[in-house]
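Examination of the molecular architecture
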Number of protein chains: 2
Amino acid sequence: MSNPETDPDATLAFARHDHAHCACDTLARAEAEALRRGARLTPVRKRALEILLEAHRAMGAYEVLDRLAADGFGNQPPVAYRALEFLVDNGLAHRVRRLNAFAACMHPGEDHAPVFLICRVCDAVAEAPGAAVRVALDQAAADLGFAVERANIEALGLCPACAGADQNATA
Amino acid sequence: MSNPETDPDATLAFARHDHAHCACDTLARAEAEALRRGARLTPVRKRALEILLEAHRAMGAYEVLDRLAADGFGNQPPVAYRALEFLVDNGLAHRVRRLNAFAACMHPGEDHAPVFLICRVCDAVAEAPGAAVRVALDQAAADLGFAVERANIEALGLCPACAGADQNATA
DNA sequence: CTATGTATGTAATATCGTAACAGGTCAAGA
DNA sequence: TCTTGACCTGTTACGATATTACATACATAG
Ligand SMILES: [Zn+2]
Ligand SMILES: [Zn+2]
Ligand SMILES: [Zn+2]
Ligand SMILES: [Zn+2]
């Protein structure tokens, strides 16, 4: 369905790609989504999102805060935490609990079930499509009479590039 | 297969049950597993596990520490973190990242893929069997060439009891 | 203009987690 | 026996993450 040439795709996170375009495009979709929701993507919030979009990795709140402060915004923790909370609440970013960090959402407005794949070598973070995982999770929960409202599905392991490098080094 | 009369089962976490027996039995299996692995379940470590086993919920490291200190063990953070790390490393407890907390493993020695179901009302934490979820996760990761080594699958929602109470209150 | 809701800034503090080092125990090996 | 080394426990000190409370600014509706 999706065309890698024109469409940002989950598989891109671990692959070489035109990330400037990838980030710019995702930001545009995030702005559209904010507009649709009537959520105000103010300067701090937009800047925070831009910072998260700079790479396919998760950033700690204090790291984001330093960047915001350098850009003339406040330099106290709530500045970062509030902007990040806004982004998460509006589906423009996700919290990666395993890393105590935040990552820009690559599919804003799509009502998706994100699965985070975290490379333990290069720290890259990919947001994989997790609909099937979520279905299995809902089923497992339903078996116990539990109703899932929010889920964190996070995996630590090796991305394709680092797995390849590891094999080469071992061989 | 499993008989609820004799066998602690995942479904028990959210149900009324003889928890004294449940905890005692789980502790015995944990001790057996430690023995099998040649891991030394020393007094602090055993006491930490007992504390975690007191209820089907997750406890913060400092909460465990307070309990350990009251029992005459050290009262500095590393005391608790080391004991908990030992338990996690040896499969006798799990870390619940969403809560920055730890929970006793209900299936020590079974090589299982735990899924944590966290009730946002009563704070109960159930360790559900997650083999199917893990399979779906591995598949989603494999689609991107990612090899999963460790995973955290955690869901927040309503347990059966609290869902029932909620319905009653709303109605 | 003024009231109201929302957004931002700051100070202070709470909570969670680790590094580094000191002593104690115990068993293997000189 | 004495020593060595592995492992466990304890303490100090600190670093990292997150929130509460309050003050200020800014919009816009009445
Ligand atoms: Zn990209
Ligand atoms: Zn997303
Ligand atoms: Zn029980
Ligand atoms: Zn378990």
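A brief structural summary.

Quick look at the coordination of the zinc ion (ligand 1) now. Residues and elements named next belong to chain A. Those protein atoms acting as donors to the zinc ion (ligand 1) are His17 (NE2), His19 (ND1), Cys22 (SG) and His56 (NE2), and they sit at 1.9 to 2.4 Å. Coordination at the zinc ion (ligand 1) is tetrahedral: its 4 donor atoms span angles of 101 to 118° at the metal. Each donor residue of the zinc ion (ligand 1) lies on the same chain, and together they follow the pattern H-x1-H-x2-C-x33-H. One end of the pair, His19, is in helix H1 (residues 19-37); the other, His56, is in the loop between helix H2 (43-53) and helix H3 (61-70), and 37 residues separate them in sequence.

Looking now at unusual backbone geometry. Despite not being glycine, Asn100(A) has its phi angle at roughly 45°, a positive value. The exposed category is assigned to Asn100(A), whose relative accessible area is 57%.

This part is about the protein's contact with DNA strand C. Taken together, 17 residues surround DNA strand C, and among them Thr42(A), Arg82(A), Tyr62(B), Tyr81(B) and Arg95(B) come closest. Contact between DNA strand C and Arg82(A): a base nitrogen at 2.4 Å from a side-chain N or O atom of the residue. A distance of 2.7 Å is found between a base nitrogen of DNA strand C and a side-chain nitrogen or oxygen belonging to Tyr62(B). When residues of the surface near DNA strand C are traced back to their parent elements, those giving at least two are H2 and helix H4 (77-89) of chain A together with helix H4 (77-89) of chain B. Looking at side-chain class alone, the surface near DNA strand C contains 8 nonpolar, 5 polar and 4 charged residues.

Turning to helix H2 (residues 43-53) of chain B, a few remarks are in order. Taken residue by residue, H2(B) has Ala48(B), Leu49(B), Ile51(B), Leu52(B) and Leu53(B) as its buried positions. Residues of H2(B) that are buried sit in contact with helix H1 (19-37), helix H3 (61-70), H4, strand S1 (93-96) and strand S2 (101-104) of chain B.

Throughout the structure, instances matching the rule amount to 4 aromatic pairs over all chains. Ring geometry for Phe146(A) and Phe14(B): centres 5.5 Å apart, planes at 10°, overall stacked. On the criterion of chain membership, the pair formed by Phe146(A) in the loop between helix H5 (131-142) and strand S5 (147-158) and Phe14(B) in the segment before H1 is interchain, its members lying in two chains. With relative accessibility at 4%, the residue Phe146(A) sits in the buried group. Summarising the aromatic geometry, the rings of Tyr62(B) and Tyr81(B) are spaced 6.3 Å apart at their centres and angled 80° between planes, so their arrangement reads as edge-to-face. You can see Tyr62(B) sitting in helix H3 and its partner Tyr81(B) sitting in helix H4, a full 19 residues away along the chain. What makes Tyr81(B) partly exposed here is its relative accessible area of 35%. Of note, Arg45(A) hangs over the ring of Phe86(A), and the distance from its end group to the ring centre comes to 4.0 Å.

On to the coordination of the zinc ion (ligand 4), then. Residue and element names in this part refer to chain B. Within the protein, the zinc ion (ligand 4) binds to His94 (NE2), Cys105 (SG), His112 (NE2) and Glu127 (OE); these donor distances fall in the range 1.8 to 2.2 Å. Between the 4 donor atoms coordinating the zinc ion (ligand 4), the angles at the centre fall across 93 to 134°, so the site counts as tetrahedral. Considered as a linear motif, the donors of the zinc ion (ligand 4) on their single chain read H-x10-C-x6-H-x14-E. Within this pair, whereas His94 is found in strand S1, its partner His112 is found in the loop between S2 and strand S3 (114-119), the two being separated by 18 residues in sequence.

Taken together, the contact pairs 37 residues of chain A with 37 residues of chain B. Each partner contributes to the roughly 3000 Å² buried at the junction of chain A and chain B, and carbon and sulfur atoms together form 63% of this total. When the area that chain A buries against chain B is broken down by residue, the three leading residues are Arg98(A), Leu144(A) and Phe146(A), summing to 23%. Connecting chain A to chain B are 2 salt bridges. The shortest N-O distance in the salt bridge between Glu149(A) and Arg120(B) comes to 2.6 Å. Counting across the interface, chain A meets chain B through 12 residue pairs in polar contact (both at pLDDT 80 or more). Elements with a contribution of two residues or more to the side of chain A that touches chain B: strand S3 (114-119), strand S4 (125-129), H5 and S5 of chain A.

Neighbouring DNA strand D are 17 residues; Tyr62(A), Tyr81(A), Thr42(B), Gln76(B) and Arg82(B) lie closest to it. The sugar-phosphate share of atoms of DNA strand D within 4 Å of the protein amounts to 50%. Contact distances for DNA strand D include 3.4 Å between a phosphate oxygen and a backbone N or O atom of Gly74(B). In this structure, Arg82(B) approaches DNA strand D through a side-chain N or O atom, which is 2.3 Å from a base nitrogen.

Turning to the sheet that holds strand S5 (residues 147-158) of chain B, a few remarks are in order. Sheet strands associate in pairs through backbone hydrogen bonding, adopting either a parallel or an antiparallel arrangement. Spatially, 6 strands are ordered S4(A)-S3(A)-S5(A)-S5(B)-S3(B)-S4(B) in an open sheet, and the strand pairing comes out mixed. The sheet is open, and its two borders are formed by S4 of chain A together with strand S4 (125-129) of chain B, each paired with just one other strand. On average, each strand axis in the sheet is tilted by 25° relative to the strand beside it, whichever way the strands run. As paired elements, S3(A) and S5(A) share 4 bridges and run parallel to each other. The residue of S5(A) that forms the bridge with Cys119(A) is Gly157(A). Lying over the sheet, H5(A) contacts S3, S4 and S5 of chain A together with S3, S4 and S5 of chain B, oriented at roughly 125° with respect to S5(A).

For the rest of this paragraph, the subject is the pairing of S5(B). Bridging between S5(A) and S5(B) involves 11 bridges; their strand directions are antiparallel. Along S5(B), the bridge assignment pairs Leu158(A) with Ala147(B).

So, how was this worked out
- Residues numbered from 1 in each chain as written.
- Chains lettered and ligands numbered in written order.
- Predicted model: local features only at pLDDT ≥ 70, side-chain atom pairs only at ≥ 80, totals over all residues.
- Heavy atoms only, no water.
- Donors = N, O, S within 2.8 Å, 3.2 Å for Na, K, Ca; no water.
- Tetrahedral: all angles 85-135°; square planar, octahedral: opposite > 155°, others 65-115°.
- Helix = DSSP H or I, 4+ residues; strand = E, 2+ residues; numbered from the N terminus.
- Buried < 20%, exposed > 50% of the residue type's maximum accessible area, 1.4 Å probe, protein only.
- Near = heavy atom within 4 Å.
- Polar contact = N/O pair within 3.5 Å; in protein donor to acceptor, adjacent residues only side chain to side chain.
- Nonpolar A, V, L, I, M, F, W, Y, C, P; charged D, E, K, R; others polar.
- Contact = heavy atoms within 4.5 Å.
- Phe/Tyr/Trp six-rings, centres within 6.5 Å; stacked < 30°, edge-to-face > 60°.
- Lys NZ or Arg CZ within 6 Å of the ring centre and 35° of its normal.
- Buried area = accessible area lost by both parts, 1.4 Å probe.
- Salt bridge = Lys/Arg side-chain N within 4 Å of Asp/Glu carboxyl O.
- Pairing = 2+ DSSP bridges.
- Axes fitted to C-alpha atoms, helices over the stretch in contact; angles between N-to-C directions.

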